[in-house]
Amino acid sequence: MATSHNVTSKPLPSTMAVGVARTKLEVREFFREREALIFTFFFPIIFLAIFSAVFGDTDFGQGVNAATYFTPGMIASGIFLSSFQSLAISIALERDEGLLKRLRGTPMPPQAYFIGKIGQVLITSIAQIALLLAISGLLLGVDLPTEPGKWLDFLWIFVLGTASGSVLGIAFSVVPKSGKAASAVVTPVVLLLQFMSGVYFVYSSLPSWMRGVASVFPLKWLASGMRSVFLPDGFVQTEPGQSWHLGLGAIVLVVWLVVGLIVAQRVFRWTRRDAG
């Protein structure tokens, strides 16, 4: 006598569940890469320690010392490195190695790949900022904000900065012609923006034309926003226009987020250019 068996197919996991699994994988791979750890994760922390030692006796006004002044810029730089630079380089490498093509051929929803990448950016950025603030507060004598309003400003600046940097990094990943060239193409762009955006210098001391160019890009607004959080309120008098311009900064970051999303959707490729 023939017996019938009910075959039930196991439902596929949701896009979010696959994205969370991808996030865990991306984070593990990030911390295994020595180059990524040094040039993305520890780079701002190392530079903060160097600037604090070199300019330790310098008074930046309002009783602000070197460690206090450069901490906001290094936080902004860390967000930009972890989002824009990290994604632009890693995605270019994965495309060149054929990993993206193989992933595209699996049942994995494409959105899960990007959830994993952005999740990795969020986790590594939070860990980096926590470590930087711990070193600033415990070892370098930086007084961290105590007002809840300051930390609310920090939160939205962090979220907008991470989001805009991530989508721009995904879009920019198509620019390098090969994975090997990715670092050589992406890193100079980031360094140039860091120098122009007041990360390594007092922003108000930069030439007006340089400040004008920097104001077009998101890193400048990330840096000035973070200065509004971590520097005394009176320090705003030393800023160009004697204002933090938080509203304008939010608009610029949102515009870059929208532009990055549109461009990334149009130009992103799962295969190398020579693959057709």
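All of the points below concern the structure found in this document.

About the criteria used
- Residues numbered from 1 in each chain as written.
- Predicted model: local features only at pLDDT ≥ 70, side-chain atom pairs only at ≥ 80, totals over all residues.
- Heavy atoms only, no water.
- Helix = DSSP H or I, 4+ residues; strand = E, 2+ residues; numbered from the N terminus.
- Buried < 20%, exposed > 50% of the residue type's maximum accessible area, 1.4 Å probe, protein only.
- Contact = heavy atoms within 4.5 Å.
- Areas by Shrake-Rupley, 256 points an atom, 1.4 Å probe, with all protein chains shown as cover.
- Lys, Arg positive; Asp, Glu negative; His and termini not counted.
- Charge placed at Lys NZ, Arg CZ, Asp CG, Glu CD.
- Core = buried A, V, L, I, M, F, W, Y, C linked by side-chain atoms within 4.5 Å.
- Phe/Tyr/Trp six-rings, centres within 6.5 Å; stacked < 30°, edge-to-face > 60°.
- Lys NZ or Arg CZ within 6 Å of the ring centre and 35° of its normal.

## Re the overall build of the protein chain
- When helices and strands are counted, the protein chain shows eleven helices and zero strands.
- Helices (α) and strands (β) of the protein chain occur, in sequence order from the N terminus, as α-α-α-α-α-α-α-α-α-α-α.
- Counting only C-alpha atoms and orienting by the principal axes, one finds that the protein chain spans roughly 90 × 40 × 35 Å.
- Burial statistics for the protein chain: of 276 residues in total, 47% are counted as buried.
- Sequence separation of at least 24 residues holds for 79% of the intrachain contacts in the protein chain that already meet a minimum separation of 6.
- Carbon and sulfur atoms make up 66% of the accessible area of the protein chain, which totals about 13800 Å².
- Taking the average location of the 21 positive side-chain charges in the protein chain and that of its 15 negative ones, the two points are 14 Å from each other.

## A look at the nonpolar core
- If you look at the biggest cluster of nonpolar residues, it comprises 47 residues, and the most contacted ones within it are Tyr 69, Ile 75 and Met 226.
- If you list the elements that add at least two residues to this core, you get α3 (43-54), α4 (66-96), α6 (110-138), α7 (148-172), α8 (182-196), α9 (208-214) and α10 (218-230).
- Those residues in contact with Tyr 69, other than ones at most four positions away along the chain, are Phe 60, Val 64, Phe 201, Val 202, Tyr 203, Arg 227, Leu 231 and Phe 235.
- Listed in part, the 15 residues of the second largest apolar core include Leu 87, Val 121, Phe 268 and Trp 270.

## Some thoughts on the packing of aromatic side chains
- Going through the model one piece at a time under the given rule, you end up with 28 aromatic pairs.
- A centroid spacing of 5.7 Å and a plane angle of 90° characterise the contact between Phe 47 and Phe 51, whose relative ring orientation is edge-to-face. One end of the pair is Phe 47 and the other is Phe 51, both in helix α3 and four residues apart, which spans about a single turn.
- Considering the side-chain rings of Phe 51 and Tyr 200, the 5.8 Å spacing of their centres and the 75° angle between planes classify their relative orientation as edge-to-face. With Phe 51 in helix α3 and Tyr 200 in the loop between α8 and α9, the pair connects residues that are 149 residues apart, well separated along the chain.
- The exposure class of Phe 51 is buried, given its relative accessible area of 12%.
- Clustering of aromatic rings is evident, with ring pairs tying together Phe 43, Phe 47, Phe 51, Phe 55, Phe 60, Tyr 69, Phe 70, Phe 195, Tyr 200, Phe 201 and Phe 235.
- Between the NZ or CZ atom of Arg 95 and the centre of the ring of Phe 268, over which it lies, the distance is 5.3 Å.
- Over the ring of Trp 221 we find Lys 220, and its NZ or CZ is 3.5 Å from the ring centre.

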